[in-house]
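# What the coordinates show
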Amino acid sequence: MFRRVRLSALLVLAACVSAAADAPQPLSEEEVRGAEFLEGLSIPTPGEIFAAFGKIGKPDWAAFFRKHPPTPHTSRPLIALSLGTRIADGFLAAEAQDRQQAKNVSTEIKLLAKSLGLEQEFMVRSNSIADFADSRRWDSLDEELEAVQAELAAAMAGRNDAELVTLMSLGCWLRTVDIAGAQLAANYTPEAAGILRQPAVAEFFAARLDALPAKIKTLPVVAEIQRRLPALGATLSLPAESPPSAEAVNGMHALLAGMISLIAAPEK
Amino acid sequence: MIRTSLIASLLALAGTSFAGPASGDAAVTCRRAALDLAGAWANDGFRLRENSWAGTLPAGKPALARVNLLAGNRYWFTAATNAASTTLAVQIYTGRGEPVAAGTHRDGPVAAAGFAPAASGTYIVAISESRGTPVPFCLVHSYK
């Protein structure tokens, strides 16, 4: 333990020294254009977004718990979207440090995973989530939820269900931005509005939805989300020096809440 | 427990990259080395993200990935290769390709860059190798 802490201190010192010595050249236009957008790396996690908001105040995260669990679906794409939103709810429970909420969300994730035939992939994780919640190891719970998402994504990809991976990831991102948007709408400051800036993420998901098979992207919920994504992307892509106004944040929050309601609503 | 899905996750992610894919064994070895160094940041309260980026560096070019970073958070990007005789470097740029003032760490086949963005937005992480040789790499990323 002591050895690791000492190593950590040495690395930080070395980092400071080398910061002064490095003088890298700017990237070429071609290199900038060629930089990859990777789903697993480029999109901030719920924990990352909530952590940033936690630095500028003390959000009452429990105020954003959902009052009712989402309606069960039979359509696999809708289940995947719903699963993503529940994973984000798990991060919310961890941020609110609410043991019972974490366990409730874990149960709902298990049911949704079961509906997709992925119950086995989640079984052990479910026990770990309960253990971390009971022992109040909230950072570990965050890591476990990320692992859940990665493992479910790997299992979906392994079963040639790549489109479900996109939908789960989209559901998780939408619900996370919905929660952050609610926090922002309730406690607006320009500084806080600037935190949510995420250029290109909505555009990335819009392109991924566009590439889905017609039978999925014509589902009313998916088509409606795709229709609304450009407006969301526009608010999240404003220049850093001019963050969204309080009015724009309220509009974005309404847009997001509408999308989450669509995902949670009974199938037509 | 948390990292048991290592191989499955790596294989799922490797296929999404324009940097060439690394073999499964190389990816695991590189990730392990990156995680060893990233453990130092964990001691400072940084949370390690589950997903990593594994691939093979293009010959004579850096591997470049876009990341969305949030103002208020601090980040470490840690990379490693299994080619022991190489010197790896990690650098962070703005979305327009201008280098940012990041703390960097280089120790042969492992390297890292740490950064606290003043503004949220898109940044570019570059991984390069001193000899321009295609070598497998893995990048992990931590935040607090």
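That block above? That's the structure.
Fair warning: this is a prediction, and the values are worked out from it, not measured in the lab. (Residues numbered from 1 in each chain as written. Chains lettered and ligands numbered in written order. Predicted model: local features only at pLDDT ≥ 70, side-chain atom pairs only at ≥ 80, totals over all residues.)

## A word on the environment of Gln183(A)
Residues and elements named next belong to chain A. The test is simple: The helix count covers DSSP runs of H or I at least four residues long, the strand count covers runs of E at least two residues long, and both are numbered beginning at the N terminus. Residue burial is a threshold on neighbouring C-beta atoms within 10 Å of the residue's own C-beta, all placed from the backbone, with 20 or more meaning buried, 12 or fewer meaning exposed, and counts in between meaning partly exposed. Remark: residues whose backbone-derived C-beta atoms lie within 7 Å of one another are considered to be in contact.
Checked against the element boundaries, Gln183 lands in helix H9 (residues 162-186). Judged by the 23 C-beta atoms lying within 10 Å of it, Gln183 is buried. Sequence-distant contacts of Gln183, that is, excluding residues within four places in its chain, are made with Phe53, Pro59 and Phe64.

## What about the pairing of strand E7 (residues 110-115) of chain B?
Put simply, side chains in a regular strand alternate between the two faces of the sheet. Residues and elements named next belong to chain B. Put simply, the rule reads: Strands are treated as partners if at least two bridges between them are detected by DSSP.
Extensive coverage of E7 is indicated by the burial of 6 of its 6 residues. The pairing of strand E4 (residues 75-80) with E7 spans 6 bridges and is classified as antiparallel. Directly across from Ala79, in E7, lies its bridge partner Ala111. Linking strand E6 (residues 103-107) to E7, which pair antiparallel, is a turn of 2 residues; within it Gly108 sits at a positive phi near 60°.

## Here's the deal with helix H4 (residues 46-54) of chain A
Given 3.6 residues per helical turn, the α-helix brings residues three or four places apart onto the same face. Here H4(A) lies mainly inside the structure; 8 of its 9 residues are buried. Every buried residue of H4(A) is listed here: Pro46(A), Gly47(A), Glu48(A), Ile49(A), Phe50(A), Ala51(A), Ala52(A) and Phe53(A). Taken together, the buried residues of H4(A) touch helix H5 (76-96), helix H8 (138-158), H9 and helix H10 (190-195) of chain A together with strand E1 (47-48) and strand E9 (136-143) of chain B.

## Observations regarding the interface of chain A and chain B
The line we're drawing: Ten residues, namely Ala, Val, Leu, Ile, Met, Phe, Trp, Tyr, Cys and Pro, are considered nonpolar, four, namely Asp, Glu, Lys and Arg, are considered charged, and the remaining ones, Gly among them, are considered polar.
Contact residues are listed per partner, giving 56 residues for chain A and 49 residues for chain B. Here the element with the most residues in the side of chain A that touches chain B is H8(A); it accounts for 11 residues. Here the side of chain A that touches chain B is composed, by residue class, of 32 nonpolar, 10 polar and 14 charged. Relative to strand E3 (residues 63-69) of chain B, strand E1 (residues 36-37) of chain A is paired through 2 bridges, and the arrangement is parallel. Its bridge partner lying in E3(B), Phe37(A) is registered against Arg66(B).

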